[in-house]
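# Structural description and commentary
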Amino acid sequence: MSIVVWFTVALALWHFTIFVPDRFWQGIIGALLGCVIGGVISGAVIELAMGRGLSDTDILTFFTAVPGTLIGAYVVYWLGVRSGEGKVEH
Amino acid sequence: MGGRRRNIFVLLFVLGLVIVSAIVVVKKPTQLGLDLQGGIELTLQGRPTPQVKEVTSEAMDRSVDIIRSGCDRLGVSEIEVSRLGADQISVGIPGATSVGTATECATKPARLYFYDWQNNLLGPAKEIATDKGTQDPQQVLKAQRQKWIDADRPPTEGYNRQMMAQGAEPTMWEAVNIAAEQQPDEDCESCTSPNRYYLFEEKAPHDLISGPATAKEDLYFDDQGNPLPKEGIVKEVPQGTIVVSELPTDPGTGRTVDDPSQSGYFVLRDNPALSGSDIKDPQQQLDQFNQPNVTFDFTGKGRDSFQEITRTIAQEGQARAIGPVSPEEAAALSGNFAIVLDNQVVSKPIINFAENPDGIDGRTGAQISGGFDIKEAQNLAEYLQRGALPIDLKLTSQSQVSATLGQEALDQGVKALVIGLILVIIFLIVFYRFLGAVASLALLSYAVLFLALIKLIPITLTLPGIAGLVLTIGVAADSNIVIFERVKEEMRLGRSVASAITLGYRRGISTIIDANVVTLLTAFILFVLATSGIKGFAFTLGVGTLVSLLTAVVFTQSLLGLMSNTDFLRSGRGFSGIEGKERWHINFMGKAKYLFAISGVILLVGAGALTTNGLNFGIDFESGTRIEVSLEQDGVTSDELRAAVADVGLGDATIQAVDNKALGANAFQIQSETLDPSEIAKVEDILQDEFGVSQDGFNSTSVGPTFGASVAKSAGLAIFFSLILIAGYVAVRFGGKYTVPVLIAILHDFLIALGIYSLLGFEVSSATVAAFLTILGYSQYDTIIVFDRIRENEPKMPRATYSQIVNKSMSEVMTRSLVTSFSTMIGVIALLVFGGETLQAFAIAILVGVFSGTYSSLFIASPVLALWKEREPTFRRRYRQQMETQGYVPAFASDLEVAKTEDEEADADGVGAKATGGSAS
């Protein structure tokens, strides 16, 4: 169940990347990948580092996905800016 | 054939079909599933054996045949046995009211093997009972005597002496210890069992807790899936060795002593000479002493094997004799041939070398005379008649539905179906006036045709099948809505009624096919992978979707085509909402940020609920037994009920009064750990004795842990393959870039549905999973409609940015999307309000899915597509050009330019615009 929670949190936070100028590597899809991969990795790493199992969930499970999601989004954004991608404005 | 004649022909054809179908509906009975007519349903899981190292399709088919023929012989009529996925078998026994005899035919497989006894004995028994040992038999016997004393089974008492004299071990623990020390025979192909595990109590005398089991983890669950204590000593008996038990024989009566505590235990090399598949035609007979026995013949292979093995035994007996011997002495020196049924020795006849020096010719068959009474002999013959199952079968779930509850469920389902149909028809007529009446006719034709198909094929109608039927009403109505909205659009553009109808159908049909193919793909995946009940849902959904194409497209097109030149239609009075331009003119892309934010918040709430509440999994996943009972006695409390059933271990069960019209005023639900059929029967007996059980007032469902795992695995596979198929189809039809937004929308729908289920605590059952999976496909209906229009508009708007194309497309199809979703929801709401408990579970999941699907199609998939496509060089250039020429990029491209392109296309199609009426501005 943990992975479902991390995935959902990451997907939810991804929705808010639309408020950021679209300079993500591969655009909004790149942002999605960054958020989801980051969220799931961070959830797993933090939970395991804290010695918790991956099956039971509590409110902490929710928050463990947040840093990874933000980092993932930032990395993809940084990659996009570096490669000069996307300067489309709406 | 001219258009008018073709239309008349099609109408007459459909009319003829409807009339014939109506006759079929009236004349032919409907084949009802167990949930609608009452009965018992079992699910068995196939497991490998050393002889059949994997559960093959052939082994499963053979098992299905054996169960079917075996149950027929036991007098269980109309049994429905079918394969379920790769390794499961579904057994339905309609009308069965007890989980006793009826279920035995499917759950008590006979595994019969014949062993050369002396040559296969291992351990002390080999030293004592054969001349093949290496130690002094007297010394070994002395040591054995001590074992029997230590096991509190004095050798001088009861039948102990008899068993000990044969070298038997006094307990299973002792026998398993000997067996565990044997060398494994990894390559053994004749072995009857793989490695087997036993769980014993830690304290002496180390009673057996569970086993033998072929998987270590199975030791911690009993046969019905109830957890067993984790403490204990696990012993592993390697492949190539088995432990069998034998009951003593009463010397006075010659009968087997039917008391398991008197058993002796032997360790055998697992090298059977014959198996149950080598015999045929077993019969219960009487021997020359009028004692019941079981006779049988051998197959060709069995006959040769039997002759060979008995010859070997006879020759070995002969070798033990020194000089001429009397028949009595010959009998004492002769070896035995053991007949082992389900790891218990049922007979051990002597192969007397004096009487059969060349073994026994199997042409005259053989007999098992184990000192049975007549009933035992009959049972053994019946089991043997079933033949040997090639694989192990484990009962993973069982469900018992009373006829009354089945009838009630059927009434509720039909009521929901009829009300849903009526509501959809009313909605269509109110919203579309004349076109709505045409669509209603199509819907009624659809209903009659589909009901006839259900009876003709025949499709076994189940509760989930009724849910599928209701959903297909929505699908059928949706097809009409897609076309009607398209016709109205064409009329708004100023086309004549005839040309609007022609163009509407021509342009609408590809959308309908795309949308329906996705639904069909999901139904197909569901049908292949789902459990039996859900298969009915998938099948009706699939067949219904196909039939709806005939009625909603072919029939209505011919009818409207035929009427298009009438004054009524030409005046436009038959249509509503054709005045002016499209109803919606919204800058969807401009609002995408807010719509995304709403979705994000919804998902965060869902994630919060999932992480704190989790999901409320039903017994399909968690395993257990649920009993619903209607008591005759008034005023019984839950505590009184609990006290009554405490003797069968239900003291801790969840017991609550339930409001169920079918069961009456004194209805209770008991939910507990998984009970076996005999325990369920015992509960029914207790309740009958204590409070009285109403006629047909007892229903039960039992699910073992492996069934839940199997449902979860099937669901995972179904999701995976559905996503692959949907993505593949969308990629082929629309292009690769359309696929990703579709997948995002699907994930969105799925996770929102999970979140809502978690938030509201709805139970997740296998029915819910099926509904979710259907939603994966069906919720894409709206996405396909929008994408189809985007794809159509793209070449028509050569200077528009992608956002402008999406804004225009979404505005054009907004009504369509909302109306199709609403018409589907009407039927589903009828299911929710008027359907029974099971249908409500479907309805909730479908309702959530349809709602979420509409939302994600419009406000997630399309904006994601636009944002992604905007990055393509073509659309960047257009964006730049508009900025340079206008200083800003408007939400909508020039309408004039678009209209002009459409007119050009219509001219190219040869469909002219009419002189009067609506006009393109």
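Scoring rules and cut-offs
- Residues numbered from 1 in each chain as written.
- Chains lettered and ligands numbered in written order.
- Predicted model: local features only at pLDDT ≥ 70, side-chain atom pairs only at ≥ 80, totals over all residues.
- Helix = DSSP H or I, 4+ residues; strand = E, 2+ residues; numbered from the N terminus.
- Buried ≥ 20, exposed ≤ 12 C-beta atoms within 10 Å, placed from the backbone.
- Contact = placed C-beta atoms within 7 Å.
- Pairing = 2+ DSSP bridges.
- Nonpolar A, V, L, I, M, F, W, Y, C, P; charged D, E, K, R; others polar.
- Core = buried A, V, L, I, M, F, W, Y, C linked by C-beta atoms within 7 Å.
- Axes fitted to C-alpha atoms, helices over the stretch in contact; angles between N-to-C directions.
- pLDDT = per-residue confidence, 0-100.
- Expected span 1.5 Å × (residues − 1).
- Bend = angle between axes of the 7 residues up to and from the residue.
- Parallel < 35°, antiparallel > 145°, perpendicular 65-115°, else oblique.
- Left-handed = near helix turned anticlockwise from the far one by under 90°.

## A short note on the overall build of chain A
The number of helices and strands found in chain A is three helices and zero strands. Taken from N to C terminus, the helices and strands of chain A fall in the order α-α-α. Buried positions account for 52% of the 90 residues belonging to chain A. Long-range contacts, defined as pairs at least 24 residues apart, comprise 80% of the intrachain contacts of chain A with a sequence gap of at least 6.

## Let's talk about the overall build of chain B
Along chain B, the regular secondary structure elements total 30 helices and 23 strands. Counting across all 921 residues of chain B, residues that qualify as buried make up 52%. In chain B, the share of contacts with a sequence separation of at least 24, taken over all contacts with a separation of at least 6, comes to 77%.

## Concerning the pairing of strand β14 (residues 337–341) of chain B
Each regular strand carries side chains that alternate between the two faces of the sheet. Residues and elements named next belong to chain B. Burial of β14 is extensive: four of the five residues sit out of reach of the surface. Two elements, strand β4 (residues 112–116) and β14, share five bridges in a ladder whose sense is antiparallel. Of the residues in β14, the one forming a bridge with F114 is I339. As paired strands, β14 and strand β15 (residues 344–347) are joined by three bridges and run antiparallel to one another. When the sheet's bridge partners are listed, I339 is paired in β15 with S347. Connecting β14 to the antiparallel partner β15 that follows it, the hairpin turn spans two residues, and D342 within it adopts a positive phi of roughly 50 degrees.

## Let's talk about the interface of chain B and chain A
The interface of chain B with chain A comprises 29 residues on the first partner and 25 residues on the second. A per-class count over the side of chain B that touches chain A returns 17 nonpolar, eight polar and four charged.

## Overview of the nonpolar core
With 171 residues, the main nonpolar core has A:A10, B:L443, B:V470, B:A753, B:F842, B:A845 and B:I846 as its most contacted residues. Considering each element in turn, this core owes the most residues, 21 residues, to helix α28 (residues 837–869) of chain B. Excluding anything up to four places from it in sequence, B:A845 contacts B:A753, B:T768, B:A771, B:F772 and B:I775. Formed by 58 residues, the second largest nonpolar core is a distinct cluster that contains B:Y113, B:A168, B:L219 and B:L274.

## What about the sheet that holds strand β13 (residues 292–298) of chain B?
Residues and elements named next belong to chain B. Spatially, the three strands line up as an open sheet ordered β12-β13-β16, and their pairing is antiparallel. Strands with a single pairing partner mark the edges of an open sheet, and in this sheet they are β12 (279–286) and β16 (366–368). The average angle at which neighbouring strand axes cross in this sheet is 30 degrees, direction not considered. Judged from the six bridges that link them, β12 and β13 form a sheet pairing that is antiparallel. Residue pairing in the sheet places Q285 in a bridge with N293 of β13.

## Looking at the sheet that holds strand β6 (residues 196–200) of chain B
Residues and elements named next belong to chain B. Taking strand neighbours across the sheet as the criterion, the three strands line up as β7-β6-β8 in an open arrangement whose pairing is antiparallel. In this open sheet, the two strands that pair with only one neighbour each are β7 (208–213) and β8 (233–237). Taking each pair of neighbouring strands and ignoring which way they run, the sheet shows an average axis angle of 15 degrees. In this structure, β6 lies alongside β8, joined through five bridges in antiparallel fashion. The residue of β8 that forms the bridge with Y198 is K235. Each of β6, β7 and β8 is contacted by helix α9 (residues 172–180), which is oriented at about 50 degrees to β8, the strand it contacts most.

## A word on the confidence of the model for chain B
Residues and elements named next belong to chain B. Looking at chain B, the pLDDT average stands at 78 and 86% of residues meet or exceed 70. Below pLDDT 50 for its whole length, residues 896–901 participates in six contacts with residues either more than four positions away or in separate chains. Predicted confidence is poor over residues 908–921, with pLDDT under 50, and the contacts of this stretch with residues over four places away or in other chains come to 30 contacts. Reported confidence for the predicted complex is 0.93 by ipTM and 0.63 by pTM.

## A word on helix α27 (residues 802–834) of chain B
Residue and element names in this part refer to chain B. Taking 1.5 Å as the rise per residue, α27 with 33 residues should run 48 Å; its terminal C-alpha atoms sit 45 Å apart, in good agreement. Of all the bends in α27, the greatest, near 50 degrees, is centred on V813. Counting buried residues along α27, 25 of its 33 residues qualify, which places the element largely inside the surrounding structure.

## Describing helix α26 (residues 780–793) of chain B
All names here are of chain B. Its 14 residues place the ends of α26 20 Å apart at the C-alpha level, agreeing with the 20 Å of an ideal helix rising 1.5 Å per residue. Along α26, twelve of the 14 residues are buried, which leaves the element largely enclosed by surrounding structure. Restricting attention to buried positions, one finds in α26 the residues Q780, Y781, D782, T783, I784, I785, V786, F787, D788, R789, I790 and N793.

## Description of unusual backbone geometry
With a phi close to 60 degrees, A:Q26 is a non-glycine residue in the positive phi region. By the element assignment, A:Q26 lies in the loop between α1 (2–14) and α2 (27–49). At B:D152, a position not held by glycine, the phi torsion is positive, near 60 degrees. Among the structural elements, B:D152 can be located in the loop between α7 (137–150) and α8 (160–165).

## Things to note about the environment of B:I784
Residue and element names in this part refer to chain B. Assignment of secondary structure puts I784 in helix α26. Residue I784 is classed as buried on the basis of its 29 C-beta neighbours within 10 Å. The spacing of I784 and N516 is 268 residues in sequence and 9.6 Å in space, taken between C-alpha atoms.

## What to know about the pairing of β15(B)
Pairing between strand β9 (residues 241–246) of chain B and β15(B): two bridges, direction parallel. Pairing of B:S245 across the sheet is with B:Q344, part of β15(B).

## Re the environment of B:N343
All names here are of chain B. With respect to the element layout, N343 can be found in the loop between β14 and β15. Separated by 101 residues in the primary sequence, N343 and I242 place their C-alpha atoms 8.0 Å from one another. Not counting the four nearest positions on each side in its chain, N343 is found in contact with I242, V244 and S245.

## As for the packing of helix α1 (residues 3–27) of chain B against helix α14 (residues 434–456) of chain B
All names here are of chain B. Contact geometry of α1 with α14 gives a least axis separation of 8 Å together with a crossing angle of 50 degrees. Classed by the angle they form, the pair α1 and α14 counts as oblique. Crossing of α1 over α14 shows left-handed handedness. Here V14, L17, V18, S21, A22, V24 and V25 of α1 come into contact with α14, specifically with S445, V448, L449, L451, A452, K455 and L456. Its residues placed into classes, the contact of α1 with α14 shows eleven nonpolar, two polar and one charged.

## Looking at the packing of α1(A) against α2(A)
All names here are of chain A. Put simply, α1 and α2 touch, their axes get as near as 8 Å, and they point 140 degrees apart. In the crossing of α1 with α2, the sense of the turn from one axis to the other is right-handed. Residue-level inspection shows S2, I3, W6, F7, V9, A10, L11, L13 and W14 of α1 in contact with α2, the latter providing A31, L32, C35, V36, G38, G39, V40, G43 and E47. Classifying every residue of the contact of α1 with α2 by side-chain character gives 13 nonpolar, four polar and one charged.

## Considering the environment of B:S766
Counting through the fold element by element, B:S766 comes out in helix α25 (residues 766–778). Sequence spacing of B:S766 and B:F621 is 145 residues, and the spatial spacing of their C-alpha atoms is 7.9 Å.

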